[in-house]
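Fold and contact review
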Amino acid sequence: MNPRNMGEIPDPDGIGEVGNPVCGDLMKIYIKVEGNVIADIKFKTFGCGAAIATSSMVTELVKGKTIDDALKVTNKDVAEELDGLPPIKMHCSLLAEEGIKAAIKNYHNRKTKKHPHPFNKSVCTYIESHSK
Amino acid sequence: MQDLIYMDHNATTPVDNRVLEAMLPYFSEKYGNPSSIYRLAKECDLAKEKSREKVAGLIGAKPAEVFFTSCGTESDNLAIKGVCFANKERGNHIITSKIEHHAVLSTCKWLEKEGFEVSYIGVDKYGIVNLHELEKSITDKTILISIMYANNEVGTIEPIADIADIAKTRDIYFHTDAVQAVGKIPINIKDLEIDLLSLSAHKLYGPKGIGALYIKKGANIDPLLHGGHHERNKRAGTENVPGIVGLGVASEIASEDIEKSKEIKILRDKLEKGLLERIDDIKINGHPEKRLDGTLNLCIKYVEGESMLIHLDYNNIAASSGSACTSGSLEPSHVLTAMGISPEIAHGSLRFSLGKENTEEQVNKILETLPPIVEKLRAMSPLYPEG
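Note that the coordinates shown come from a computational prediction; the quantities given were computed from them, not determined experimentally. (Residues numbered from 1 in each chain as written. Chains lettered and ligands numbered in written order. Predicted model: local features only at pLDDT ≥ 70, side-chain atom pairs only at ≥ 80, totals over all residues.)

1. Thoughts on the overall build of chain A
Per the secondary structure count, chain A includes five helices and four strands. Order of helices (α) and strands (β) in chain A, N terminus to C terminus: β-β-β-α-α-α-α-β-α. Taking all 132 residues of chain A together, the buried fraction comes to 45%. Residue pairs at least 24 apart in sequence account for 59% of intrachain contacts in chain A once pairs closer than 6 positions are excluded. (Helix = DSSP H or I, 4+ residues; strand = E, 2+ residues; numbered from the N terminus. Buried ≥ 20, exposed ≤ 12 C-beta atoms within 10 Å, placed from the backbone. Contact = placed C-beta atoms within 7 Å.)

See the structure below:
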């Protein structure tokens, strides 16, 4: 009921946005990187209880980790830390994993000025796989 | 659950004490099978028939036109499949609406695979069925029109008398799923050209596991369940006597209490007005006048339904929502969608459905509790405009 790390970072080093309000879940992850460590991380979520819980949990898991270690965090880790999720809610944990990856990708893009986009968007892979 | 504020009466209702009391003897004392010959059994048979009269009384029908089923869903299945299979020589086209309960929609979808054709009529932004579209879709192969009496999600009451007349003039069977309407609004079948009507006990302070189908005398329908000769060969299976007794008493009480819905309306209107005053960017769904007195369905922008329900539950308030997460699929409510509401707004829907035992105090508690919940979730939402 009291999610951690809720909010925005005013001048973030990377922003990742995942999901889609059309399917009922939208997660935005902000990261601050120092050296190659994720020094600060915040999230905002529009979604159900599981969506909010997984976003909060993933920020706790990733805070203070190196970028490489952060990329290794999977949705299963998030679900385990929450003591499991019902099967239909597992896709919320997938969103959490993708949110981190999108934020990190955006950080890299900004650094290399490859794609000067303010944030990286990721499609909801659950929808992708279920709409076929 | 003493402190529970239960606001989900469209989902189910608590069994009235008088109903429970009436049912209990029929479990262990008067346990006879009504089809048997001896006195114990005949007592049960009599109780069953007395209940049939009470149910008939609630809807203005003749007892011989009331048939007991296990629930509203079964009544819908029996009505729709029963008419279709009995009349398939005459035609194979069914007309229904986009906002029906899944018991009707899934049955129609299944019938489409069995060679029937179905037209799903649209509704306006209030949820009222488009009568013009309905009439236009009638063909010489149309054998059934099925439109719900009142919608379970938004409470909108359909123009049943008009639709029944249309069906009658074209000699088409008319079925209405009245599960949400029976016991809440007065229904007099004598005044309406209805052929079939579904109802369910657990929506009117009766037990779960028992429903009924009104079948107009002379209607040709195939049974769903084959077996013994129960319910005049329309529905085989040893009768659920305790359930039937319960439905009978619940119907009697509902007939007596029908005026109580005015009090429920006062509370619902207070809740609605209070929420409109305290929360910005919300929208009430359903017809402003032609709506069930206890139903309040609203969309709260920038937040999602299930997360609101969880917070409400922490505060001992029980309600429901049309969001995808609560429906078990990825799509939000098909009813709100048919009414033209976009998915992201529909995901933020809440339904409060009030009943006889709700109080003004409880309404005040919700008015205190919900606004801070919305504020908290909006602060967390990437969609909420800052500043």
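2. Some thoughts on the sheet that holds strand β9 (residues 282–285) of chain B
Residue and element names in this part refer to chain B. The three strands are arranged β9-β10-β12 in an open sheet whose pairing can be described as antiparallel. Pairing within the sheet leaves two strands with one partner each, and these edge strands are β9 and β12 (349–353). Sheet twist, expressed as the mean angle between neighbouring strand axes with direction ignored, is 25 degrees. Taken together, the four bridges between β9 and strand β10 (residues 295–300) define a ladder with antiparallel strand orientation. Paired with Ile 282 across the strands is Ile 300, a residue of β10. (Pairing = 2+ DSSP bridges. Axes fitted to C-alpha atoms, helices over the stretch in contact; angles between N-to-C directions.)

3. Some details on the environment of B:Leu46
Here B:Leu46 is to be found in helix α3 (residues 39–59). In the structure, B:Leu46 is positioned twelve residues away from B:Pro34 in sequence and 8.2 Å away in space, judged by C-alpha atoms.

4. A word on the nonpolar core
B:Ile59, B:Leu144, B:Val182, B:Ala212, B:Tyr214 and B:Ala250 are the most contacted members of the largest nonpolar core, which has 140 residues in total. When residues in this core are grouped by element, the largest group, nine residues, is from helix α4 (residues 90–112) of chain A. Taken domain by domain, the makeup of this core includes at least three residues from each of domain 1 (5–12 + 259–379) and domain 2 (17–257) of chain B. Apart from the residues lying within four places of it in its own chain, the contact partners of B:Ala212 are B:Val55, B:Val66, B:Phe67, B:Phe68, B:Thr69, B:Ser75, B:Leu199 and B:Leu247. (Core = buried A, V, L, I, M, F, W, Y, C linked by C-beta atoms within 7 Å. Domains from an automatic or database assignment.)

5. A look at the sheet that holds strand β7 (residues 196–200) of chain B
Paired through backbone hydrogen bonds, the strands of a sheet run either parallel or antiparallel to each other. All names here are of chain B. Strand order in the open sheet made by the seven strands is β2-β8-β7-β6-β5-β3-β4, with mixed pairing throughout. Edge positions in the sheet fall to β2 (66–69) and β4 (117–121), since each of these pairs with one other strand and no more. Strand-to-strand twist in this sheet, taken as the mean axis angle between neighbours without regard to direction, amounts to 20 degrees. As judged from the five bridges shared by β7 and strand β8 (residues 211–215), these two strands associate in the antiparallel manner. Counterpart to Ser 198 in the pairing with β8 is Leu 213. Against the sheet, helix α7 (residues 160–169) engages β5 (142–146) and β6 (173–177), with an angle of about 155 degrees to β6.

6. Considerations on helix α15 (residues 360–379) of chain B
Residue and element names in this part refer to chain B. Over its 20 residues, α15 extends 30 Å from the first C-alpha to the last, a length consistent with the 28 Å expected when each residue adds 1.5 Å. Considered for burial, the residues of α15 that qualify are Val 363, Ile 366, Leu 370, Ile 373, Val 374 and Leu 377. For α15, the secondary structure elements touched by its buried residues are β1 (5–6), α10 (261–278), β10, α11 (305–314) and β11 (317–318). (Expected span 1.5 Å × (residues − 1).)

Honestly, that's just the spatial picture; any functional story needs more than this.
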